[in-house]
Amino acid sequence: MRTGFPTRALAALLLVLLPAPLVIVIGSSFSPRAVLGFPPPGFSWRWYVEFLGTPSWLVAFGISAALALVSAVLTTLASIGAALALRRAPARLRGIAETAILAPLLFPHAALAIGFLGWLGMAGLGGSFAGMLIAHLVLCAPFAYRPVAVSLAQIDSSLPEAATILGAEPGQAFRRVVLPLLRPGIAASLLFGFIISFDEVTVSMFLVGPEFTTLPVAIYARLNDSADPVVAAISSILILLTAGLVLLMDRLVGLRIFVDIEEDGRHPSA
Amino acid sequence: MTGPGRRLALFAPMGLLIAAFVLSVAGLLWSSATRGGIGLYVELLSDPGILRVLWRTVWIAVATTAACALLGYPLALFLARSPRRNLWLLLVISPWLVSIVVRTFGWVVLLGNRGVVNTALRDWGLIDAPVRVLFTPWAVLIGLVHVFLPFMVIAILSSLLLQDRRLEEAGRILGGTRWQTFRRVTLPLSLPGVVGGSSLVLLMSAGAIVTPLLLGGLRDRMLGTQIYTEVFQVFNFERATAMAVILLVVALVLVAPLRLLEARVRRRLEGA
Amino acid sequence: MPRSGSVGHLEIDSVSRSFGSLRAVNAVSLDIAAGEFIAFLGPSGCGKTTLLRIIAGFEAADSGRLTLDGRVLAGLPPNRRDVGMVFQNLALFPHLTVAENVAFGLELRRKGTAEIARQVEEALALVALDGLAGRRIQQLSGGQRQRVALARALVLHPAVLLLDEPLSALDLKLRRQLQGELKALQRRTGTTFVFVTHDQEEALSMADRVAVFNRGGLEQFDTPQALYGRPATRFVAEFVGDANIRSAAQLAPLGLSLPAGSLLVIRPEDCVVGTAAAAAPVRIDGVVEAVDFVGPHARLRVAPDGMPAGTTEPWLALLPGAALDGLAPGARATLGFDPARAAQLPASQIRGGA
């Protein structure tokens, strides 16, 4: 059954509007003038050169990349552990634990930020990498958990059993059968963790310090100050980077896991 | 392999993260109770300025959600039926490649007095003076809808894709027109997606900071922007804390009916 | 790759297993000889799969004793039992190729590369999959997957191979073909097979002996012929093949006297209808209710006279298609049988029935 004309027209309009910022950002990054505008009045690499030549930008980029990498790896490891622990747990217990893991999604981030600001400051972690990392771990955990849990649920319990009866010790069955089959979920967890952390700004803007900032917060500060196209240049680089990550994931393990995660979300009982 | 001790050890790292989350929520409530107290809430909630912020937050969040649902449903339906679904889906989630800050700023470029839209309209002779959209709640609404629409589309799309296509065919063969079949078969079965997506969008838009700051400015504040102002411009941490608690309550109150509805719709569909 | 005949003697001694208040396996004892092909037959939920999983070591028995060639199995994990298993869903590793699946167990046993390659090749040849070693599991047909699962289990030369309804997902024709292959394979390897199924035809046609389960208990353990010809319980008589089962009271008006409380089991193919019935020792007059033509045979349902329709059990008869001769629903007919060919269930053993 096809959709009617009004539906298709609306869909077409939205499909043009949704990616529009991408076009505007990439386009205006090549502007030779100092004001962000679209379409750009000419072509120049000027703002890319400025980004790569400004230490403060590069430091912020490095901090965000490190933060995202560590957040992604740690939350993915924690998620693997949690998913394995909950796999055969009683349904009630699992429901409670999963609600707790996903809870940060259900709290407005502006409120969560004030909460972090309070206790991280008291613990002497305000404006530090460690404090920021703790907040990012909490915010990434729900996104990292889902792919691993969905992926694990798809592994039929007879597979590790088959490994066992073929002679594998429990550890061998996990390493040789469960772990390889978990790869798409692990890759998706890492990707989600990385992107969520790398892009996080709402909570981060409360936790940066005078000496320490992340790239999105630095971009925000710059936009508030003066809207020059260096921001567009940085964003274009990030677009390339993220797109590269997604492509890499597609090549390595496929993107099917994303559909499965969504379907699982609609059917939490399954 | 499934001993309780082993399970506990496996869960421990995630447990620490949950503890960090609980600590921030508990800390928020605790410091609000001890340092501001009830008096501060009475003061805030009798301030007409704050009440306006509260009201603006609620209506912008609700309007954003409604707009996302109304726009997102046809788009999701189109995607579900299209043979080139994956390509379109890529376009839908492409905004996620750009930081929300930059994405929102794209709208500043578009909507400003000398932005793309106003310039085009003036060039075509449709308007004389620029239409003021930027730094009004309308700009915030547009920005939030753009930011959150992909979440809604994906939520609805997944529930549409879960449906057995033969159900629609059964609806048609039983004599339903296309519209009747949609209204009585497709729509009810996809409601969990709509409701689930709505509660997500409602929650995120009520707590947004960056988009209202950049597009709404500091005059027409939402709760998120108000908190930001209290912390970074007024340096009044007590008020910020109290506002955060108010935001928490508002978000929970807004989302609660949707959560209940979601549970009911799901129960009815699954017959459990 | 046959093993010496002395390997694979499995003794199950009053094994029980409960889940909550449910007695899944109730004091089952079976003595399975080395090299035997055994079928566990019963409806779903009868305990046959649970017993299989107890033998494999995935479930523990609450009580009872399990020995394999004299070794007590209790406490041994599945990987140290010398037992192979073909799972209902086959449980082939989707991330490995056909050859890698078959090599999995050999690698765990730290065999040399050349030795593994040779044995994998041999096992794939055994199940006629020679050319497919490098394929992925997803590229195989249902029947091919079946064979990979068999090769993967048999390459380790287990003392006992457990098969958990491995053919249930296949269509009828392929199923028949694989049943034959499986039986031939078992003959060739001499491995003890324990095959779980709910399909009585499958059990009867393949197994040397069949254990019939119902509600966790063992109803009868015997050869297919004995099971069919001399059912020990009403449940077996009804579950294995069609049967006319009549009580002493029902048979008295026909001039047959049975010990009170006992039952007579008359197979439909032992009944005759029409002119042939004239010579039968016992005759019933009635009206044909239904005729199902099934190729070589026709199944006939005859409602006996003297009872209002629906209040009494109709008689079933299985006739050669040619003997149908104008018998249509509504026609009057005489049905006859010879009680000497019927099996009698003594009163003491009537349990488990409907």
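Residues numbered from 1 in each chain as written. Chains lettered and ligands numbered in written order. Predicted model: local features only at pLDDT ≥ 70, side-chain atom pairs only at ≥ 80, totals over all residues. Heavy atoms only, no water.

A short note on the packing of aromatic side chains
Okay, step 1: Scanning the model with the defined rule gives 26 aromatic pairs over all chains in all.
Okay, step 2: Where Trp 59 of chain B meets Trp 138 of chain B, the ring centres are 5.9 Å apart and the plane angle is 55°; that geometry is what we call tilted. Taken together, the residues Trp 59 of chain B in helix 2 (residues 48-81) and Trp 138 of chain B in helix 6 (residues 137-162) connect sequence positions 79 residues apart.
Okay, step 3: When the centroid spacing of 6.1 Å and the interplanar angle of 45° are considered together, the rings of Phe 37 of chain C and Phe 195 of chain C count as tilted. You can see Phe 37 of chain C sitting in strand 3 (residues 37-41) and its partner Phe 195 of chain C sitting in strand 8 (residues 192-197), a full 158 residues away along the chain.
Okay, step 4: Owing to a relative accessible area of 0%, Phe 37 of chain C belongs among the buried residues under this scheme.
Okay, step 5: Connected via pairs of aromatic rings, a cluster forms that spans Phe 30, Phe 43, Trp 45 and Tyr 48 of chain A.
Okay, step 6: Residue placement shows Arg 176 of chain A over the ring face of Phe 104 of chain C; its charged tip is 5.1 Å from the ring centre.
Okay, step 7: Residue placement shows Arg 267 of chain C over the ring face of Tyr 228 of chain C; its charged tip is 4.0 Å from the ring centre. (Phe/Tyr/Trp six-rings, centres within 6.5 Å; stacked < 30°, edge-to-face > 60°. Helix = DSSP H or I, 4+ residues; strand = E, 2+ residues; numbered from the N terminus. Buried < 20%, exposed > 50% of the residue type's maximum accessible area, 1.4 Å probe, protein only. Lys NZ or Arg CZ within 6 Å of the ring centre and 35° of its normal.)

Digging into the sheet that holds strand 11 (residues 244-247) of chain C
All names here are of chain C.
Okay, step 1: The strand order across the open sheet formed by 3 strands is 11-12-18, and the pairing between neighbours is antiparallel. For this open sheet the edge positions go to strand 11 and strand 18 (343-345), each flanked by a neighbour on one side alone. Across the sheet, the mean angle from the axis of one strand to that of its neighbour is 25°, orientation sign disregarded. (Pairing = 2+ DSSP bridges. Axes fitted to C-alpha atoms, helices over the stretch in contact; angles between N-to-C directions.)

Quick word on the interface of chain A and chain B
Reports often express the size of an interface as the amount of accessible area lost when the parts come together.
Okay, step 1: The partner chain B presents 75 residues to the 78 residues of chain A that form the contact.
Okay, step 2: Summed over both partners, the interface of chain A with chain B buries about 6,900 Å², with 80% contributed by carbon and sulfur atoms.
Okay, step 3: For the interface between chain A and chain B, the tally reads 1 salt bridge.
Okay, step 4: Between Arg 103 of chain B and Asp 199 of chain A there is a salt bridge; the shortest N-O distance is 4.0 Å.
Okay, step 5: The interface formed by chain A and chain B holds 2 residue pairs in polar contact (both at pLDDT 80 or more) in total.
Okay, step 6: By residue number, the principal contributor to the side of chain A that touches chain B is helix 6 (residues 109-122) of chain A, which donates 9 residues. (Contact = heavy atoms within 4.5 Å. Buried area = accessible area lost by both parts, 1.4 Å probe. Salt bridge = Lys/Arg side-chain N within 4 Å of Asp/Glu carboxyl O. Polar contact = N/O pair within 3.5 Å; in protein donor to acceptor, adjacent residues only side chain to side chain.)

Considerations on the interface of chain A and chain C
Okay, step 1: Counting from both sides, the interface comprises 17 residues of chain A and, opposite them, 23 residues of chain C.
Okay, step 2: For the pair chain A and chain C, the summed buried surface comes to about 1,800 Å²; carbon and sulfur atoms form 64% of the total.
Okay, step 3: Three residues, Ile 165, Leu 166 and Arg 176 of chain A, lead the burial of chain A against chain C; their summed loss comes to 41% of the area buried on that side.
Okay, step 4: Here chain A and chain C share 3 salt bridges between them.
Okay, step 5: Of the charged contacts, one joins Glu 107 of chain C and Arg 176 of chain A as a salt bridge, the two residues approaching to 2.5 Å between their closest N and O atoms.
Okay, step 6: The interface formed by chain A and chain C includes 10 residue pairs in polar contact (both at pLDDT 80 or more).
Okay, step 7: Contributions of two or more residues to the side of chain A that touches chain C are made by helix 8 (158-165) and helix 9 (170-181) of chain A.
Okay, step 8: The element that contributes the greatest number of residues to the side of chain A that touches chain C is helix 8 of chain A, accounting for 7 residues.
Okay, step 9: Across the side of chain A that touches chain C, the residue classes tally to 9 nonpolar, 4 polar and 4 charged. (Nonpolar A, V, L, I, M, F, W, Y, C, P; charged D, E, K, R; others polar.)

With respect to the UniProt feature "transmembrane region" (unreviewed entry) in chain A
Residues and elements named next belong to chain A.
Okay, step 1: On the UniProt side, "transmembrane region" (unreviewed entry) is annotated at positions that read residues 61-84, 96-119, 125-145, 185-209 and 229-248 here.
Okay, step 2: Secondary structure content for residues 96-119 is 75% helix and 0% strand, and the end C-alpha separation is 25 Å.
Okay, step 3: Along residues 229-248, the helical share is 95% and the strand share 0%, with 29 Å between the first and last C-alpha atoms. (UniProt positions renumbered as here; feature names shortened; annotations may be inferred.)

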